[in-house]
Amino acid sequence: MIKPTVFAAISILIFSFTQSVIAQPSSEVCYNPNLVKDTTKKSIKSMAFAIVKGDSIKINYHSPGVRKRIIWGGLVPLDEVWVTGAHDATTLEMPQAFVVNGKEIPAGKFAFFTIPGEKQWTIIINKNWNQHLATEYDQKEDIVRLTVKPIYTEHTERLQYYINVNTNNTGTITVAWERIKIQLPFQLK
């Protein structure tokens, strides 16, 4: 026969375990937010990745939807630093050193920001990857800034990142949303 104290301890452990399992948030990641049946108004936790020499380049972000809203100059202000996603800063993880706009950047994890504009955008790679939105953004922590022209494209309902790596170790990171896309060229070392 089980002693009452042992029975009580086991009951508390089982109750605590089931409560912690119930309370855990979903950690599902979507790899193509534009192919899923869009039943939520929330931003979808998403990831883009590319395999390079047995390791992977990863971009983690939250993908908001257009949902018939005015995006550029509306939901996303022009000429202001934007997290280029939703919620936490979009992160870029590079498994090896890479070069952007002539600047060599060591392997690591970084924040990816942009400053959208009507005729040009600024792409920013920042040291502080652990940020909420752009509220903690500090330009002093920028590793590199690159000015690019937006490219008009087909409608993309949910913000999406793509990574393309060529056999010569060059590549591009593309961000597409609404009717605009931008590209960040890079070279792996």
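The shown structure was predicted, so the numbers you read here are calculated from the model rather than taken from an experiment.

Student: What exactly am I supposed to notice about the overall build of the protein here?
Tutor: Looking only at helices and strands, the protein has one helix and ten strands in total. Order of helices (α) and strands (β) in the protein, N terminus to C terminus: α-β-β-β-β-β-β-β-β-β-β.

Student: I'm lost on the sheet that holds strand β9 (residues 151-165) in this one. Help?
Tutor: Pairing between the strands of a sheet comes from backbone hydrogen bonds, and it takes one of two forms, parallel or antiparallel. The sheet built from four strands is open, its strands ordered β5-β4-β10-β9 with antiparallel pairing. Looking at the sheet topology across the chains shown, the edges are occupied by β5 (103-105) and β9. Neighbour-to-neighbour, the strand axes of the sheet open up by a mean angle of 35 degrees, direction not taken into account. Across three bridges, strand β4 (residues 98-100) lies against β5 in antiparallel orientation. Looking across to β5, one finds that Val99 is bridged to Glu104.

Student: I keep staring at the sheet that holds strand β7 (residues 121-126) and nothing clicks. Help me out?
Tutor: Ordered in space as β1-β2-β3-β6-β7-β8, the six strands form an open sheet in which the pairing is antiparallel. A strand with exactly one partner marks an edge of an open sheet, and here the two such strands are β1 (44-52) and β8 (142-148). Taken pair by pair, the neighbouring strands of this sheet meet at an average axis angle of 20 degrees, ignoring direction. Sheet topology note: the β7/β8 ladder contains six bridges and is antiparallel.

Student: It is not clear to me how the pairing of strand β3 (residues 90-94) should be interpreted in this structure. Could you clarify?
Tutor: Put simply, side chains in a regular strand alternate between the two faces of the sheet. Counting buried positions along β3 gives four out of five residues, so the element sits mostly inside the fold. For β3 and strand β6 (residues 108-115), the ladder comprises five bridges, and the chain directions are antiparallel. Bridging from a neighbouring strand, Glu93 pairs with Lys109 of β6.

Student: Can you help me understand the packing of aromatic side chains in this one?
Tutor: For any pair of aromatic rings, geometry is given as the distance between the ring centres together with the angle between the planes. For the structure on display, the rule yields nine aromatic pairs. Ring geometry for Trp72 versus Trp82: centroids 5.6 Å apart, planes at 80 degrees, classification edge-to-face. Residue Trp72 is found in the loop between β2 (55-63) and β3, and its partner Trp82 is found in the loop between β2 and β3; the two are separated by ten residues along the sequence. Accessibility assignment for this pair places Trp72 and Trp82 in one class, buried. The interplanar angle of 65 degrees and the centroid separation of 6.1 Å between the aromatic rings of Phe98 and Phe110 together place this pair among those described as edge-to-face. Of this pair, Phe98 sits in strand β4 while Phe110 sits in strand β6, and the two are twelve residues apart along the sequence. As far as the burial class goes, Phe98 and Phe110 line up, both buried. Feature note: the residues Trp72, Trp82, Trp121 and Trp177 constitute an aromatic cluster, connected by ring pairs.

Student: Could you clarify how one ought to interpret the confidence of the model for the protein in this entry?
Tutor: Per-residue confidence for the protein gives a mean pLDDT of 86, with 84% of residues at or over 70. Every residue in residues 4-26 is under pLDDT 50, and counting partners more than four places away or in other chains gives one contact.

Cut-offs and rules
- Residues numbered from 1 in each chain as written.
- Predicted model: local features only at pLDDT ≥ 70, side-chain atom pairs only at ≥ 80, totals over all residues.
- Heavy atoms only, no water.
- Helix = DSSP H or I, 4+ residues; strand = E, 2+ residues; numbered from the N terminus.
- Pairing = 2+ DSSP bridges.
- Axes fitted to C-alpha atoms, helices over the stretch in contact; angles between N-to-C directions.
- Buried < 20%, exposed > 50% of the residue type's maximum accessible area, 1.4 Å probe, protein only.
- Phe/Tyr/Trp six-rings, centres within 6.5 Å; stacked < 30°, edge-to-face > 60°.
- pLDDT = per-residue confidence, 0-100.
- Contact = heavy atoms within 4.5 Å.

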